[in-house]
Amino acid sequence: MYPTNFRYTREHEWVLIEGPLATVGITDHAQEELGDIVFVELPKVGGKVEAGKPCGTVESVKAVSDLYSPVSGEVAEVNAGLADSPEWINQEPHGKGWMFKAKLASTASPDQLLTAEQYEAYVRQETS
Amino acid sequence: MRYLPKSPEERRDMLRAIGCDSIEQLFSSIPLEARLGRPLRLEPGKSEPEVLAYFRERAAENARDYTCFLGAGAYDHFCPAVVDALISRSEFYTAYTPYQPEISQGTLQAVFEYQTLICQLTGMDVANASLYDGSSALPEAVMMAVRATGRRRAAVARSVHPEYREVLATYLRHQEIKITELPFAESGQLVPEALAAAASDDLAAVVIQSPNFFGVIEEVAAAAEVAHAAGALLIVMVAEPLALGIVRPPLEADIVAGEAQSLGVPLSFGGPYVGFLAAREKYVRSMPGRLVGQTTDAAGERGFCLTLATREQHIRREKATSNICTNQALCALMVTIFLSTYGKQGLRELALQNLAKSHYAAARFRERGARLRFSGPFFNEMVVRGVGGGAGAAEKLQAHKIVGGLELGRFYPELAGDVLVCVTETASRGKIDELVRIYTGP
Amino acid sequence: MSEQDIKKARRHVSQNEGLIFERSSPGKAGAELPPLDVPAVAAAELLGAQNLRTAIDGFPEVSEVEVVRHFTRLSTWNYGVDTGAYLLGSCTMKYNPKINEVVARLEGIANAHPYLPASLAQGCLRILKALSDCLLEIVGMDALTLQPAAGAHGEMTGLLLVRAYLEAQGNPRRKVLIPDSAHGTNPASAYMAGYQTQSIGSNERGTVDLAQLDRAMKDDVAALMLTNPNTLGIFEDQIAQIAELVHSRGGLLYMDGANLNALLGVSRPGDFGVDVLHLNLHKTFSTPHGGGGPGAGPVAVKQFLEPFLPVPVVVERADGSLAFEFDRPQSIGRVRAFCGNFGVLVRALAYILANGAEGLRQLTEDAVLNSRYLRKGLEGAYELPYASPTLHECVFCDKRQARYGVRTGDIAKRLIDYGFHPYTVSFPLIVPGALMIEPTESESKQELDLLIDALQCIAREAIEEPETVLQAPHRTRVGRMDEVQAARKPILRWKPPGEAAS
């Protein structure tokens, strides 16, 4: 279910770190909880994001949820397709529904993040 | 009591059913010291004829059968009888907010039509389901511009309705949004140099009103150019939207907001009225208030529902685009029916009649030596110089069953003695002549 | 003739009404004007060619009869209080007396211009004064503004008053405390007055957690915003301690008057420590909701807040006549142009006059009796999360039905099939899956019995045939709307065929 090469946050974001670049999205559990996603507000390309700080919002019909950045850095790219097709987040939260890519501020691996195994345990605990 | 559908016997049955000995016991959760130990000191209830008589007496204490030359944000126009007949359908006026779309399609579709009509009238892309009134539409529009630009200053023309500006000041006082006031010129229009001087990189919005409080039509394109060059939005307020039947809409604006009372809503001593707010499509998610959208049901049938609700207070709470919870649905319905009934040609003709009557009045004033304060083009209101001031004119007018224009000294000390005269299609030529004669003396 | 032999007609024309724009064709008009009695003018010359509009693109062209058919058909797709019970909790959807509509339309009242000289508007001013006097007696406060246009507008006004008063004392403070059962407008309104908000939890009885309030009530707190009875329908029975606590730390007690229908003639906020209160005339005092407005949200205050009320206020002159007073240096300013939603105020006064002291007390008794009767009738079928005694409304939850996949929203939709307007769904937020029901005094015992029967049937259906509930409503002109589609690709206006849909 949860790719083992990703890292996860307790706010239900995932991050894939490849060299200096981190790709960020929300988890399958998060999209399930939100329901049909109708709109996302993403950070601006060139803007700064900070680990643990809100950097956008994800909206369903009757709920808004803040998007927290798992990493610190500069936004290199956003998933422009989500503007027209927010349903991608529901369909493929860990793939086509990615949200933004950030150039990492430091190469040190962020230590607050969870592994797939830890995240799954966290979700189980949260929902039980 | 005639509004209560229960007999004493039924009340006893119900009390028994819930295991209560007395009515008093229903309130046992209210501590004794918080209870009122006496009857309210109000008069005994009145029968329907008595209620009617009370209000007839009050109505008789007001001006009746007067010709009124007051405008200033509240306008009297011929309203087709169908408007009141249709809004009196109790399925419309006794319904709640359309939270259950399956049994609210009437309200929802009517609001969708209202949103469309407001877009067509203003030349904007999207309009909300309405706001309280024109005065509160101003701060809502300014706060919207603040959200859209991330800046916190608004430059507001002094020729915007003074009470709208007072409301703006009240709303913004605790929000750290600054207001710069822009003066008006001899033409009655905004002083372009003052606008240029106010343009800076912290400016969120330039606010003008057209026709402005003095009835003068502003140069919207020029204001837009300065606003946009500074990275600010242009907000155009409209308090007399009938003007848009004949005056080019403010297409260069980013937000057009104002008061739609003039389009079918009774004067009713100042309310309820109906604020409107329309904008360019890209700002839709910064808009305050409700929005109705078109969609389909499972069978593919077209229908309507409230949409983009995540902007609103019940979901986003303190981060909402506004604290507004209602719209003015019934007043918006009046506007929808009024505009549908007059239609494309009718609204134009109505606007043309206003233009003709007000310019007839202006010509009469000039003939009798009075001068207009401002030289700019006007729709159905004008400022006549120096004819007010004394109580004499007002008394004479009243003796002729005329209510004259609005004395401007109250809002603009430098215009003391000037009178804002509104002439709509409802004023007869004879009454206009009388008004001019009394104001300009023997 | 067997059922198959009957030729089914197409859906009735009155159920197929399109948009007004789709009825339009060039040259039709629904209104005509008398001939102009002054010379015609050349608009281009007077306005300047650059200011001239030639046509309003897309505007409808329809006859009077088409307008009437169109909006009459639309109206039949609505459900109003005149149709049947309207169970929305905290909305107080009571009967709207017809005489109120008549008096609001009287010549001299409906056509009064807001800038009429006072000498020609004494009737309007007396209506304002009479309504103020009545409301002050009903709520036990000292002064009042009728200017706010709605409940949320009243909240903002009330908090601006709190702020102005505290500023005059030297420190406006920073925070407003709001119980977790409060209306969503409360935090949004507090923000407008420049306050941060802090949520206060409820205890197991569904009332304010006094210990938590004690901890939160620091010297940076400007006010506690309380709804009483609260949104669970429960009277805050520790109100005396709450008021004492807030006042002793220099804060003000604000009351959201949304639920005042439970208290008329029984208990007065001014007597239990409230400093500022907004009322919803469209709830408690029977003015029609109009499909979502207009309303009116007067704000009543204790004497020490009076100097800060919005301008203008109505004052009595030496000769006994009434006038607006504008010169009030400590006022928070205007919150609305002119003097408020006068037409709504007229209707509210008509309602109070019709009821009188006894009638108001009686209607509150009936409202509470109805709510308790309903509660009793439904206790077996639905889970009641708080056992405390309730007044005008009660809140159930969908816990038992949720096991079968049926949620509060589904039960609400099924209730439509039984001919009732649903209750408030999923509010207050402290009750997951809430069914918030307020029958008001306007329902007869027969109607309540039918309602109880309907909700019990649905509770059984949830177990025996959940699909029936999940797919409801089945008997309406349209089914459940695709709200996801509406939000993903918003279509917020009609466009002529051929123009790209926005």
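Residues numbered from 1 in each chain as written. Chains lettered and ligands numbered in written order. Predicted model: local features only at pLDDT ≥ 70, side-chain atom pairs only at ≥ 80, totals over all residues.

### Considerations on the overall build of chain C
Phase 1 of the analysis: A tally of regular secondary structure across chain C gives 15 helices and 12 strands.
Phase 2 of the analysis: Rg of the C-alpha trace for chain C: 26 Å, near the compact-globule value of 23 Å for 502 residues, within the 12% margin.
Phase 3 of the analysis: C-alpha atoms of chain C, sized along the principal axes, occupy 75 × 75 × 45 Å.
Phase 4 of the analysis: The burial tally for chain C puts 58% of its 502 residues in the buried class. (Helix = DSSP H or I, 4+ residues; strand = E, 2+ residues; numbered from the N terminus. Rg over C-alpha atoms; globule rule 2.2 N^0.38 Å. Buried ≥ 20, exposed ≤ 12 C-beta atoms within 10 Å, placed from the backbone.)

### Some thoughts on the interface of chain B and chain A
Phase 1 of the analysis: Contacts between the two partners involve 4 residues from chain B, matched on the other side by 4 residues from chain A.
Phase 2 of the analysis: Grouping the amino acids of the side of chain B that touches chain A by side-chain chemistry returns 2 nonpolar, 1 polar and 1 charged. (Contact = placed C-beta atoms within 7 Å. Nonpolar A, V, L, I, M, F, W, Y, C, P; charged D, E, K, R; others polar.)

### What about the sheet that holds strand 7 (residues 299-301) of chain C?
All names here are of chain C.
Phase 1 of the analysis: Strand order in the open sheet made by the 7 strands is 1-7-6-5-4-2-3, with mixed pairing throughout. Of all strands in the sheet, those bounded by a partner on one side alone are strand 1 (143-145) and strand 3 (196-200). Each adjacent strand pair in this sheet contributes to an overall mean axis angle of 20°, direction not counted.
Phase 2 of the analysis: Where strand 2 (residues 175-179) and strand 3 come together, 5 bridges link them in parallel fashion. Paired with Ile178 across the two strands is Ser199, which belongs to strand 3.
Phase 3 of the analysis: Along the sheet, helix 6 (residues 185-192) makes contact with strand 2, strand 3, strand 4 (221-227) and strand 5 (252-256), crossing strand 2 at roughly 175°. (Pairing = 2+ DSSP bridges. Axes fitted to C-alpha atoms, helices over the stretch in contact; angles between N-to-C directions.)

### Some points on the pairing of strand 6 (residues 233-238) of chain B
Phase 1 of the analysis: Most of strand 6 of chain B is tucked away, with 6 of its 6 residues classed as buried.
Phase 2 of the analysis: Burial of the side chains of strand 6 of chain B extends over both faces: B:Leu233, B:Ile235 and B:Met237 are buried on one face and B:Leu234, B:Val236 and B:Val238 on the other.

### Remarks on the interface of chain B and chain C
Phase 1 of the analysis: Across the contact, 161 residues belong to chain B and 171 residues belong to chain C.
Phase 2 of the analysis: For the side of chain B that touches chain C, the leading source of residues is helix 12 (residues 329-367) of chain B, giving 21 residues.
Phase 3 of the analysis: Each residue belonging to the side of chain B that touches chain C can be placed in one class, and the counts come to 82 nonpolar, 47 polar and 32 charged.

### Describing the nonpolar core
Phase 1 of the analysis: Counting residues in hydrophobic clusters, the biggest one holds 364 residues, and the most contacted among them are B:Val142, B:Val206, B:Val207 and B:Ile235.
Phase 2 of the analysis: For B:Val142, the residues in contact, after removing those within four places along its chain, are B:Ala154, B:Leu168, B:Ile177, B:Ala205, B:Val207 and B:Ile235. (Core = buried A, V, L, I, M, F, W, Y, C linked by C-beta atoms within 7 Å.)

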